[in-house]
Amino acid sequence: RSDADHSGHGLFSAWRALPLNDSCGILTDKTILAHSVALTDEDIELLAERRPVLVHMPVSNMKLVSGHFRYDSAALFSKCRWVIGTDGASSNNSLSMLGEMKTAALRGKDLSGDPKAMKAADVFRAATRSGAEALGIVSIFTYGMKKGLERLAAAGTENHSLCNLDTLVERS
């Protein structure tokens, strides 16, 4: 949403949060920004330069009616680092990452008007490996995925009909 969409919200009309944070030197590649629902095109360009992580929380954003993630912005998805997360239970009713993934995929398609938007592989990566990268825990993530696959194989479920987990780990 643009500043104009926030008429009645005095804080939004007086200043933009991202330029203010940038002027204070706190908008860096170590910064994690929750929700990111009021981004302008200029904000997205600044984010592309500074490379913070945007945490998309679609269920919370819908429940709180706080705005829309910029599904329509090719620049956001091609230039910015983004992940999928959950908010606290008080603003979400659930902490299900599967629910967040499904909602992000469906909202992306609906709001962009493009049935090919928010591809399953992109959503899966944003909810798994990209989050681990943002938190600096890729080795823990990789170890956990490998152990999970070993347990599934030991249980005889390596040929599960819904997906090939080896492929998912390799691609994520």
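Conventions used here
Residues numbered from 1 in each chain as written. Predicted model: local features only at pLDDT ≥ 70, side-chain atom pairs only at ≥ 80, totals over all residues. Heavy atoms only, no water. Helix = DSSP H or I, 4+ residues; strand = E, 2+ residues; numbered from the N terminus. Contact = heavy atoms within 4.5 Å. pLDDT = per-residue confidence, 0-100. Buried < 20%, exposed > 50% of the residue type's maximum accessible area, 1.4 Å probe, protein only. Pairing = 2+ DSSP bridges. Right-handed = clockwise from strand over helix to strand, strands pointing away. 1 Å grid on protein atoms, 1.4 Å probe; cavity = no way out; pocket = protein on both sides within 12 Å on 5 of 7 lines; lining within 4 Å. Points joined across faces, edges and corners; volume = space filled by probe spheres on them. Nonpolar A, V, L, I, M, F, W, Y, C, P; charged D, E, K, R; others polar.

Draft legend 1. Layout of the side chain of Thr103. Mapped onto the fold, Thr103 is located in helix α6 (residues 97-112). Contacts of Thr103, omitting those with residues within four sequence positions, involve Pro58, Val59 and Met62.

Draft legend 2. Fine view of the confidence of the model for the chain. Here the chain averages 80 in pLDDT, while 80% of its residues score no lower than 70. Per-residue pLDDT stays below 50 along residues 1-14; that stretch engages in 11 contacts with residues further than four places along the chain or on separate chains.

Draft legend 3. A look at the pairing of strand β2 (residues 53-56). Alternating positions in β2 separate into two faces, Val53 and Val55 on one and Leu54 and His56 on the other, with burial throughout. Pairing of strand β1 (residues 32-34) with β2, which is carried by 3 bridges, proceeds in the parallel orientation. Across the sheet, Ala34 pairs through a bridge with Val55, a residue of β2. With helix α3 (residues 41-50) bridging β1 and its parallel neighbour β2, the resulting β-α-β unit is right-handed. As paired strands, β2 and strand β3 (residues 81-84) are joined by 4 bridges and run parallel to one another. When the bridges of β3 are listed, Leu54 appears paired with Trp82.

Draft legend 4. Spatial organisation of empty space enclosed by the protein. Within this structure, the stated rule accounts for 1 cavity of 30 Å³ or more. In terms of lining residues, the largest cavity is bounded by His56, Pro58, Asn61, Met62, Gly67, His68, Phe69, Tyr71 and Arg107. Ranked by the residues each element gives to the lining of the largest cavity, the list is headed by helix α4 (residues 58-64), at 3 residues. When its residues are assigned to classes, the lining of the largest cavity shows 4 nonpolar, 4 polar and 1 charged.

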